[in-house]
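Chain by chain, the residues:
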Amino acid sequence: MIRLFLLFLTFVFCGHVSAANVLMKSPDGHLVVTFQVSKGIPYYRVSWQKEEVLQPSQMGFLLADGDLDKDFKVIGIKRNTHDEMWHELYGEEDSVHNHYNEATIMLQQTRGLKRKLNIVFRVFNDGVGFRYVIPEQAGLGKIAIKEEQTQFALSHDVPAWSISLNHVEYYEGLYKKSLISEKDTVCTPLTIEYSPKIYMAIHEAALEDYATLNLTPRGHKLVAALTPWSDGMKVYGEKTIKSPWRTIIFASTASGLITNRTMLNLNEPCKLADTSWIEPGRYIGIWWCIHQKKNTWEMGPIHGATTENVKRYIDFAAKHGFSGVLSEGWNPGWGQGEKVTYLKSYPDFDIEEVNRYARQKGVRWIGHMESWGQGKLIEKEMDQAFSWFHGMGMNAVKTGYVGHLMDGKELPSSQYGVRHYRKVVECAARHHIMIDNHEPAMPTGIQRTYPNLMTQEGVRGQEYNAWDPRGGNPPAHTVTIPFTRCLAGPIDFTPAIFKLQGAIKGTHPHSTLAKQLAEFVVLYSPLQMAADAIENYEGQPALTFIESCPTTWSKTIVPNGEIGKYITVCRKERGGDRWFIGTMTNADKRTMDVCLDFLDADKTYRAMIYEDGAGADYESNPYAMNFRQVEVKRGDNLHFELARSGGAVVRIEAIK
């Protein structure tokens, strides 16, 4: 039950307000945002722990019919404080503390049409969000935004981890560390090492009917670069526009960024009256074998999604405690010249029978809706398709948009694409369908409002370890994305490959088997796929960890981590007392110690450990694994010897 404490401290000043600084502090006073209109131009700056991290940074818009970034005066300020605990339907914690001080600053231009612009700031202890609201007003009907003028003027040049907007599709790039001044236009989240004791990340929250935020460096200043429509305009609106929240989060360590919940708090509460049908869980699928070229998406002699083969996977899922089975290539549209549709299946796939069989076994079938970028096709068929799926007992689909442009014209992260993704999520909710969205716009916490948006891709995932001609993902990749892409929300990376081979020579998962287990814990997704073919799981002792591992949590702790080097994540299961730990490293061997100071003081626990074995090495001996069991209590220390690109996982449960 949500506990809600609202303290409204509201002050509204009408008429002209002086250009003196408008000061906004976090509840604990350590994060300070200062707003000022100087010579008619709005600016903000940010200090954290008494250090100014953002110097005066410009704000505003350029519209198609005039500027909305200068000639302003402050005509009103409204303040309030908000303090609540809200319950996550699923997630990395049971409850989230949402405590902030808010100021809405009302501006009006002194010249021309004297247009109005409101800027809302929310200042948390560990982050700040601000958004623009162009209010409905006389003389402003259709709105077209040419540019958003938001700046993030860092106080000095700093290193950051990013992927390029212009040279990476679907956000499927390797995050690289370099100075801000040396970067091309980048996608967010942008993770910044401001100083040895200040880490920060810039992103956005509650992206709805707007273009995705990207950032262009100008020296050590970052300027908003919204994804455009094909006509070059950035955002269209009628009478009023509300931007997403621009977010800046802070921590004294890189690990501290991972448990920051500013983005979630800036999204609206759940809009669904009934959420009983939303079911986190782990699933398997006919997927890795296709990427390895052992099966095909299209119908033929080695077609993967046949009735017989999917039933085989369903049997395995039922036996080993998986809640679902994904199959791709079940519908026409994969073969040359075939017309895509989601309203019928291939002749060798009896979709009605598969769903009947799955329900009988206590498993759900998950269908893939690949559109090849045809958003309009999904919109045309989704209501009928989702209704059909629901009637067969399905409650999850995986959507896909492989294609450089959506509907042959617009970029997926443009306002056009963002509108489409929202339509799909809302339609799916009406039919009680959960969504795993691939080739998405970068996530921004919408799952709080529409919790049927379970997980999304938007990452260079496991499939690159099957067919990437450059050899696959390097060892540092999965110890980098927890601090970068994962800050945007749940990630469908598809971990847990047990047969560490790819489809072409030299390409394979660059990890030990124990590290593959660790990915299952570290890379959070409430719908988490154990991605290997079932043949590679049969008879494998390591599978017992996957069988026991939940996908939604009551508490998450990140005791250590350095970006691109190593990470440890400890998670407590929902509705139970067990803890699960995942730790992993890059291409360097590493010793790791984890203090169990989070356990209950009055209990004794059994820790089952799966770790790199003697001589383990991701290149020469990836399968070596050691299993051991020890009794532990609060405050005990677990010690691990991690191989190159190795890892370890632990399951801890009370015994007395």
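Residues numbered from 1 in each chain as written. Predicted model: local features only at pLDDT ≥ 70, side-chain atom pairs only at ≥ 80, totals over all residues. Heavy atoms only, no water.

Student: Before we move on, could you go through the side chain of Glu457 and cite the residues and values that matter?
Tutor: As for its position among the elements, Glu457 is in the loop between strand E29 (453-456) and helix H8 (464-467). No salt bridge is formed by the buried Glu457. Its closest oppositely charged neighbour is Lys398, at 6.6 Å. A polar contact of 3.2 Å, which involves the side chain of Glu457, links it to the side chain of His438. Of note is the side chain of Glu457, whose polar atom sits 3.4 Å from the backbone nitrogen of Glu439. Ignoring anything within four residues of it in the chain, the contact list for Glu457 reads Glu172, Asn437, His438, Glu439, Pro440, Glu463, Arg485, Ile491 and Asp492. (Helix = DSSP H or I, 4+ residues; strand = E, 2+ residues; numbered from the N terminus. Buried < 20%, exposed > 50% of the residue type's maximum accessible area, 1.4 Å probe, protein only. Lys, Arg positive; Asp, Glu negative; His and termini not counted. Salt bridge = Lys/Arg side-chain N within 4 Å of Asp/Glu carboxyl O. Polar contact = N/O pair within 3.5 Å; in protein donor to acceptor, adjacent residues only side chain to side chain. Contact = heavy atoms within 4.5 Å.)

Student: Hey, could you go over the confidence of the model for the protein for me, with residue numbers and the actual values?
Tutor: Taken residue by residue, the protein gives an average pLDDT of 96. The fraction at 70 or more is 97%. For the protein, strand E1 (residues 3-7) is the element with the lowest average pLDDT, namely 41, and strand E23 (residues 245-251) is the one with the highest, namely 99. Predicted confidence for residues 1-18 stays below pLDDT 50, and this span has 43 contacts to residues more than four positions away or in other chains. (pLDDT = per-residue confidence, 0-100.)

Student: Tell me about the pairing of strand E35 (residues 605-612), and please be specific about residues and values.
Tutor: By the criterion of burial, E35 is predominantly enclosed, with seven of the eight residues buried. Judged from the eight bridges that link them, E35 and strand E36 (residues 625-632) form a sheet pairing that is antiparallel. By the bridge assignment for E36, Ala607 is matched with Val630. Across seven bridges, the pairing between E35 and strand E38 (residues 647-654) is antiparallel. Following the sheet pairing, Tyr605 is matched in E38 by Ala654. (Pairing = 2+ DSSP bridges.)

Student: I'd like a description of the packing of aromatic side chains, backed by residues and values.
Tutor: Considering all chains together, one arrives at 30 aromatic pairs under this definition. Here the aromatic rings of Tyr44 and Phe130 are separated by 4.8 Å at their centres, their planes lie at 50°, and the arrangement is tilted. Residue Tyr44 is found in strand E4 (residues 41-48), and its partner Phe130 is found in strand E11 (residues 127-134); the two are separated by 86 residues along the sequence. A relative accessible area of 0% means that Phe130 is categorised as buried. Residues Phe316 and Phe322 carry aromatic rings whose centres are separated by 6.3 Å and whose planes lie at 25° to one another, so their mutual orientation is stacked. What makes Phe316 buried here is its relative accessible area of 3%. Over the ring of Trp86 we find Arg448; its NZ or CZ atom is 3.9 Å from the centre of that ring. (Phe/Tyr/Trp six-rings, centres within 6.5 Å; stacked < 30°, edge-to-face > 60°. Lys NZ or Arg CZ within 6 Å of the ring centre and 35° of its normal.)

Student: Lay out the nonpolar core with the relevant residues and their values.
Tutor: Ranked by internal contacts, the top residues of the largest apolar core, which has 176 residues, are Phe35, Phe121, Ile248, Phe386, Phe389 and Ile546. With eight residues, the top contributor of residues to this core is helix H7 (residues 415-430). In this view, Phe121 contacts Met24, Val33, Phe35, Tyr44, Met59, Asn101, Glu102, Ala103, Ile105, Gly129 and Phe130; residues no more than four positions away in its chain are not counted. Judged by nonpolar contacts, the second largest core, of 19 residues, contains Phe598, Ala607, Ile609 and Val650. (Core = buried A, V, L, I, M, F, W, Y, C linked by side-chain atoms within 4.5 Å.)

Student: Quick one: what's the story with the pattern of salt bridges, residue by residue and with numbers?
Tutor: Tallied over the entire structure, the rule returns 34 salt bridges. Note that Lys398 is salt-bridged to Glu328, the shortest N-O span being 2.6 Å. In this pair, Lys398 is assigned in strand E27 (residues 396-400) and Glu328 in the loop between strand E25 (324-327) and helix H5 (351-360), connecting sequence segments 70 residues apart. Linking Arg644 and Asp617 is a salt bridge whose minimum nitrogen-to-oxygen distance equals 2.7 Å. In this pair, Arg644 sits in the loop between strand E37 (637-642) and E38 while Asp617 sits in the loop between E35 and E36, placing the two residues 27 residues apart along the sequence. We classify Arg644 as partly exposed; its relative accessible area is 24%. It is possible to trace a salt-bridge network through shared partners that takes in Glu92, Glu93, Arg261 and Arg571.

Student: With reference to specific residues and values, describe the packing of helix H4 (residues 307-320) against H5.
Tutor: Running from amino to carboxyl end, H4 crosses H5 at an angle of 15°, the nearest separation of the two axes being 10 Å. Classified by the angle between their axes, H4 and H5 sit roughly parallel to one another. The handedness of the crossing between H4 and H5 comes out as right-handed. Of the residues in H5, those touching H4 at Thr307, Val310, Lys311, Ile314 and Asp315 are Glu353, Val354, Tyr357 and Ala358. For the contact of H4 with H5, the per-class residue count stands at five nonpolar, one polar and three charged. (Axes fitted to C-alpha atoms, helices over the stretch in contact; angles between N-to-C directions. Parallel < 35°, antiparallel > 145°, perpendicular 65-115°, else oblique. Left-handed = near helix turned anticlockwise from the far one by under 90°. Nonpolar A, V, L, I, M, F, W, Y, C, P; charged D, E, K, R; others polar.)

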